[in-house]
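# What the coordinates show
Residues per chain are reported as follows:
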Amino acid sequence: MNYTHLSIEERACLRKYYVEGKSFREIARLLGRNVSTISREINRNYTHRYAINTYYPHTAQKKYLLRRSFCHRGMFWNEEVIAYINEKLQLTWSPEQIASTPCALKLPSFKTIYRWIYEKYLVKGNVNVLRRKGKTRKRLGNGGRFTTGKSIRKRDKSVYNRKEFGHWEADTVVSGRGKTKACFATIAERKTRYYIAIKIPNRNSETMANAIIKALSKLPQSAVKTITCDRGSEFADWRRIEKELNCDMYFADPYCAW
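So, here is what we can say about the structure in this document. All values derive from a computational prediction rather than experimental measurement. (Residues numbered from 1 in each chain as written. Predicted model: local features only at pLDDT ≥ 70, side-chain atom pairs only at ≥ 80, totals over all residues. Heavy atoms only, no water.)

## Observations regarding the packing of helix 8 (residues 205–216) against helix 9 (residues 238–245)
Contact pair helix 8 / helix 9: the axes reach a minimum separation of 9 Å and the direction vectors enclose 20 degrees. As summarised for this structure, helix 8 and helix 9 are arranged roughly parallel, according to the angle between their axes. Along this stretch, helix 8 crosses helix 9, giving a crossing that reads as right-handed. In this structure, helix 8 contributes Glu-206, Ala-209, Asn-210, Ile-212, Ile-213 and Leu-216 to the contact, and helix 9 contributes Arg-240, Ile-241, Glu-244 and Leu-245. In terms of residue class, the contact of helix 8 with helix 9 is built from six nonpolar, one polar and three charged. (Axes fitted to C-alpha atoms, helices over the stretch in contact; angles between N-to-C directions. Helix = DSSP H or I, 4+ residues; strand = E, 2+ residues; numbered from the N terminus. Parallel < 35°, antiparallel > 145°, perpendicular 65-115°, else oblique. Left-handed = near helix turned anticlockwise from the far one by under 90°. Contact = heavy atoms within 4.5 Å. Nonpolar A, V, L, I, M, F, W, Y, C, P; charged D, E, K, R; others polar.)

Dropping the structure here:
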C-alpha cells in the first residue's frame with residue numbers, strides 16, 4: 001500500500017475543520033484519510049504559542065519539510081542531535097568543533113551544520129552565534145531582502161495582546177519538491193486565528209501584493225489595521241499594499257518570530 005504525505009491543500013482544509021471543532025474521525029472522513037494520519041499530523045505539527053495548542057497549515061508544512069530534508073540528507077530526525085548542536089552553537093562552538101569532537105551521538109559534517117544554520121533549521125538561523133573564523137557562506141547583496149519599511153519594534157504593543165481584530169500576519173509556503181514556482185500566500189488574523197491561503201503562480205512581489213490586496217480588500221476597512229511579515233523579497237511591494245488597504249505594514253527582525 002502506497003502512502004502519500006498530506007499536501008498543503010489538505011493541511012489548509014484540516015485547519016478549517018480543526019478550528020470548527022470536528023473530531024479526528026470526522027476530519028479523516030472529509031479528507032479521505034485514515035484517522036491515525038490526522039491524529040499523527042496534529043500531534044506532530046501543532047503550534048504551542050497560546051494557552052491552548054493550535055494548528056497552522058503553513059507551520060505544519062515547514063515542520064514536515066524540515067523532517068523530510070533530514071531524511072533525504074541521510075540523517076534521521078533526531079531531536080537529541082538537534083538539541084545537542086543547538087546547545088554547542090549557543091556556547092559559541094564552531095561547526096568544525098561540533099563535528100570533530102567525539103560524541104556518543106551520530107553527528108552530521110560541519111558543512112551540513114553550516115547549511116542547517118543558514119536554512120534556519122538550527123538556532124533559528126541566528127548566524128551571530130558563529131565566530132566567523134571558519135568557513136561561512138558568501139552572500140551577494142542582501143540575500144534578496146530589503147531594508148526599508150517599519151520595524152516590528154515600532155508596532156503598537158497592544159497588538160501582542162490579541163484583543164483587537166484586524167492585525168494580520170503574512171507568510172509564504174512553498175513546495176518542498178522544487179518542481180514549480182507556484183506557492184501559497186498565507187494571511188492569518190492574530191486574534192481569531194482566521195486563516196487565508198491563496199495559491200499564486202510565483203513569489204514575485206507584484207504577485208504577492210495583488211494576492212494580499214485582493215483577499216483583504218473584501219473585508220471592511222476597519223478589519224485590516226496592520227500586516228506583519230518578514231523581509232523576504234516577495235513583500236517588497238509593501239508600499240502599494242499599505243496604500244490600497246490603508247493599513248500599516250511591519251517587518252520582523254531577521255531570524256526572529258513575530
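## Regarding the environment of Tyr-64
You can see Tyr-64 is positioned in helix 4 (residues 57–72). For the pair Tyr-64 and Arg-44, spaced 20 residues apart in sequence, the C-alpha separation works out to 9.0 Å. Setting aside its immediate chain neighbours within four residues, Tyr-64 contacts His-5 and Arg-11.

## Some points on the nonpolar core
Grouped together as the largest cluster of nonpolar side chains are 24 residues, with contacts concentrated most on Ile-212, Leu-216, Ile-227, Ile-241 and Leu-245. Mapped by element, the contributors of at least two residues to this core are strand 2 (167–174), strand 3 (183–189), strand 4 (195–200), helix 8, strand 5 (226–229), helix 9 and strand 6 (248–251). Ranked by residues supplied to this core, first place goes to helix 8 with seven residues. In contact with Leu-216, not counting residues within four places along its chain, are Trp-168, Ile-187, Ile-196, Val-224, Ile-227 and Leu-245. Within the second largest apolar cluster, 16 residues are counted, among which are Ile-82, Ile-85, Leu-89 and Tyr-114. (Core = buried A, V, L, I, M, F, W, Y, C linked by side-chain atoms within 4.5 Å. Buried < 20%, exposed > 50% of the residue type's maximum accessible area, 1.4 Å probe, protein only.)

## Digging into the sheet that holds strand 2
On the basis of which strands lie adjacent, the open sheet formed by six strands has the order 1-6-5-2-3-4 and mixed pairing. Two strands close off the open sheet at either side, each with one partner strand: strand 1 (150–151) and strand 4. Sheet topology note: the strand 5/strand 6 ladder contains four bridges and is parallel. Of the residues in strand 6, the one forming a bridge with Thr-226 is Asp-248. Taken strand by strand, helix 9 contacts strand 1, strand 5 and strand 6, and its axis lies near 150 degrees from that of strand 6. (Pairing = 2+ DSSP bridges.)

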